[in-house]
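Chains, contacts and geometry: an overview
Single-letter residue listing:
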Protein chains: 2
Amino acid sequence: MAKAQFDRNQVVERSIKLFWQNGFNASSMQQVVKNTGLQPGSIYLAFGSKEGLFREALEEYARKSKECIRKRLDSAPSIGDGICALLDEMVEDSLRRNYCSCFLIKTQLELAAQRNEFYDFAAAQLAGIEELYRSYLAREFDADLSRKRASSLMLHIFGVKVYSYQRDSTARMREGLHEGLPWLPWPQQQPGNV
Amino acid sequence: MAKAQFDRNQVVERSIKLFWQNGFNASSMQQVVKNTGLQPGSIYLAFGSKEGLFREALEEYARKSKECIRKRLDSAPSIGDGICALLDEMVEDSLRRNYCSCFLIKTQLELAAQRNEFYDFAAAQLAGIEELYRSYLAREFDADLSRKRASSLMLHIFGVKVYSYQRDSTARMREGLHEGLPWLPWPQQQPGNV
DNA sequence: CACAAACTTGAACGATCGTTCAAATAATAT
DNA sequence: ATATTATTTGAACGATCGTTCAAGTTTGTG
């Protein structure tokens, strides 16, 4: 018997890129064929359907996203510092030429009307990320404040993931983040201001 | 010569509903035919293409959105009160069974990868809305603070438009908004809390 | 009423969609 | 080496996509 000849992980990675960029509906299986180098039959044998491939891509993206947050917060001198670093990365990310917001958010907005499994999954994962932040904040603040600040933080993160599409938005985003999240230990006040 | 027999405005309104709900790609012209009652030929004579109809729908949505903001802020006792009322409406809106976020934001996220005219239009309109808030805030705050608070407000609005898809999110959103926008004259502190 | 212009109709078009499957090929077991 | 099984191939399928257009109908004009 022959083993799988292709690197499943690489196929999933390239599918993440495609689906993340264009969304579910605007990504065709023919683009998948082109981007992965696999033939239709191989894809369908391995993933069953377009939905199957999308599911695996979305799950992998969510897994990596949470892993990334945990790593950052675990390695930071304080939770606040870690969150500042994460927010700063998000703002920096908006400068990339092919900025793509967040795969989970895009999936939720695109597929909300159909209320399908992907919408539910994305919602659950985003809720999981809020819970992740809350649990970290709970190490430094009381339960009530942790909950409130996690909510406020999520509002800002969602905001950044949309605001990033605006032209020359990085400076305004940073200002807005400082305004709305004054309890975070921002590296330094922007010089010569108020 | 015969005049147009159908109500163009009604067709645009129904197209807004369809496109807003499902997005550009997931809305088919056959659904438009079904929802408007018009035949394909009539639609193409009046709007030229799917893009043409979408353009008119998006433009009308943007026009009404800005009008709605102006009305609210003009009729409020203060800018802050008006903004609170608008935010409260957005939070309330998330309880509707067919909540659809914001047509401009959804369009931007869906069509960003193609960098087409609709993406540019949506971005410009959202920038216009931020400018609208800034100009109103400038009546009560100095230029620098108005700019910062308009940015912070937009981050929160974008945040609400995404966060609203989360289950039972209204209470957490309200908390998050109070946390992040403490300079607004919120009607009353939630009772029996901190 | 007759004519012309405006508008509606809806079957049909080519393109592309997601998907299938019989045949070819490659890898393993005997 | 041979048989068997796993995998790949890629042409082709039916469905649906956005769109067209010749024919039919309605409306305004003279």
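Since this is a predicted model, take the numbers as computed values, not measurements.

Turning next to the interface of chain B and chain A. On the side of chain A, 47 residues touch chain B, which itself brings 47 residues to the contact. Taken together, both faces of the contact between chain B and chain A bury some 4,000 Å²; the carbon and sulfur share is 58%. On the chain B side of the interface with chain A, the three residues burying the most area are Leu109, Leu155 and Tyr165 of chain B, jointly 19% of the side's total. For the pair chain B and chain A, the interface holds six salt bridges.

Turning to the nonpolar core, a few remarks are in order. Residues Leu87 and Tyr133 of chain A together with Leu87 and Tyr133 of chain B are the most contacted members of the largest nonpolar core, which totals 118 residues. For Leu87 of chain B, the residues in contact, after removing those within four places along its chain, are Leu153, Ile157, Leu177, Leu181, Leu184 and Trp186 of chain B.

In this description, a pair of aromatic rings is defined by centroid distance and the angle of the planes. In the structure shown here, the tally under the stated rule is 24 aromatic pairs over all chains. Relative to Tyr119 of chain B, the ring of Tyr165 of chain A lies with its centre 6.0 Å away and its plane at 75°, an arrangement referred to as edge-to-face. Of the two residues, Tyr165 of chain A is situated in the loop between helix H8 (143-163) and helix H9 (170-180) and Tyr119 of chain B in helix H7 (residues 117-137); the pairing between them involves two chains. When sorted by exposure, Tyr165 of chain A lands in the same class as Tyr119 of chain B, which is buried. Every member of this aromatic cluster is reached through a ring pair, and the members are Phe19, Trp20, Phe24, Phe54, Tyr61, Phe103 and Phe118 of chain A. Above the plane of the ring of Phe141 of chain A lies Arg149 of chain A, whose end atom (NZ or CZ) is 4.8 Å from the centre. Sitting over the face of the ring of Phe24 of chain B, Lys50 of chain B holds its NZ or CZ atom 4.4 Å from the ring centroid.

Of all nine residues in helix H6 (residues 103-111) of chain B, nine are buried, a share of seventy percent or more. Listed as buried for H6 of chain B are Phe103, Leu104, Ile105, Lys106, Thr107, Gln108, Leu109, Glu110 and Leu111 of chain B.

Our focus in this paragraph is empty space enclosed by the protein. One pass over the structure, following the stated rule, counts one cavity of 30 Å³ or more. Within this model, the largest cavity holds a volume of roughly 120 Å³. Lining the largest cavity, in full, are Asn22, Gly23, Lys106, Leu109 and Glu110 of chain A together with Asn22, Gly23, Lys106, Leu109 and Glu110 of chain B. If you list the elements that add at least two residues to the lining of the largest cavity, you get helix H6 (103-111) of chain A together with H6 of chain B. Looking at the lining of the largest cavity residue by residue, the classes come out as two nonpolar, four polar and four charged.

Over its 21 residues, helix H7 (residues 117-137) of chain A runs 30 Å from end to end, which matches the ideal 30 Å to within 8%, given 1.5 Å per residue. Of the residues making up H7 of chain A, those classed as buried are Phe118, Tyr119, Ala122, Ala123, Gln125, Leu126, Ile129, Glu130, Leu132, Tyr133, Tyr136 and Leu137 of chain A. Tucked inside the fold, the buried residues of H7 of chain A contact helix H4 (50-75), helix H5 (79-93), H6 and H8 of chain A together with helix H8 (143-163) and helix H9 (170-180) of chain B. By the N-cap criterion, in which a side-chain oxygen at the helix start approaches the backbone nitrogen of a residue two or three places on, H7 of chain A is capped by Asn116 of chain A, the distance to Phe118 of chain A being 3.1 Å.

Residue and element names in this part refer to chain B. For the structure on display, the rule yields 30 salt bridges over all chains. Close ionic contact of Glu67 with Arg63 constitutes a salt bridge, the shortest N to O distance being 3.3 Å. Here the residue Glu67 and the residue Arg63 both occupy positions in helix H4 (residues 50-75), the gap between them amounting to four residues, near one helical turn. According to the relative accessible area criterion, Arg63 is partly exposed, its value standing at 41%.

Rules and cut-offs
Residues numbered from 1 in each chain as written. Chains lettered and ligands numbered in written order. Predicted model: local features only at pLDDT ≥ 70, side-chain atom pairs only at ≥ 80, totals over all residues. Heavy atoms only, no water. Contact = heavy atoms within 4.5 Å. Buried area = accessible area lost by both parts, 1.4 Å probe. Salt bridge = Lys/Arg side-chain N within 4 Å of Asp/Glu carboxyl O. Core = buried A, V, L, I, M, F, W, Y, C linked by side-chain atoms within 4.5 Å. Buried < 20%, exposed > 50% of the residue type's maximum accessible area, 1.4 Å probe, protein only. Phe/Tyr/Trp six-rings, centres within 6.5 Å; stacked < 30°, edge-to-face > 60°. Helix = DSSP H or I, 4+ residues; strand = E, 2+ residues; numbered from the N terminus. Lys NZ or Arg CZ within 6 Å of the ring centre and 35° of its normal. 1 Å grid on protein atoms, 1.4 Å probe; cavity = no way out; pocket = protein on both sides within 12 Å on 5 of 7 lines; lining within 4 Å. Points joined across faces, edges and corners; volume = space filled by probe spheres on them. Nonpolar A, V, L, I, M, F, W, Y, C, P; charged D, E, K, R; others polar. Expected span 1.5 Å × (residues − 1). Polar contact = N/O pair within 3.5 Å; in protein donor to acceptor, adjacent residues only side chain to side chain.

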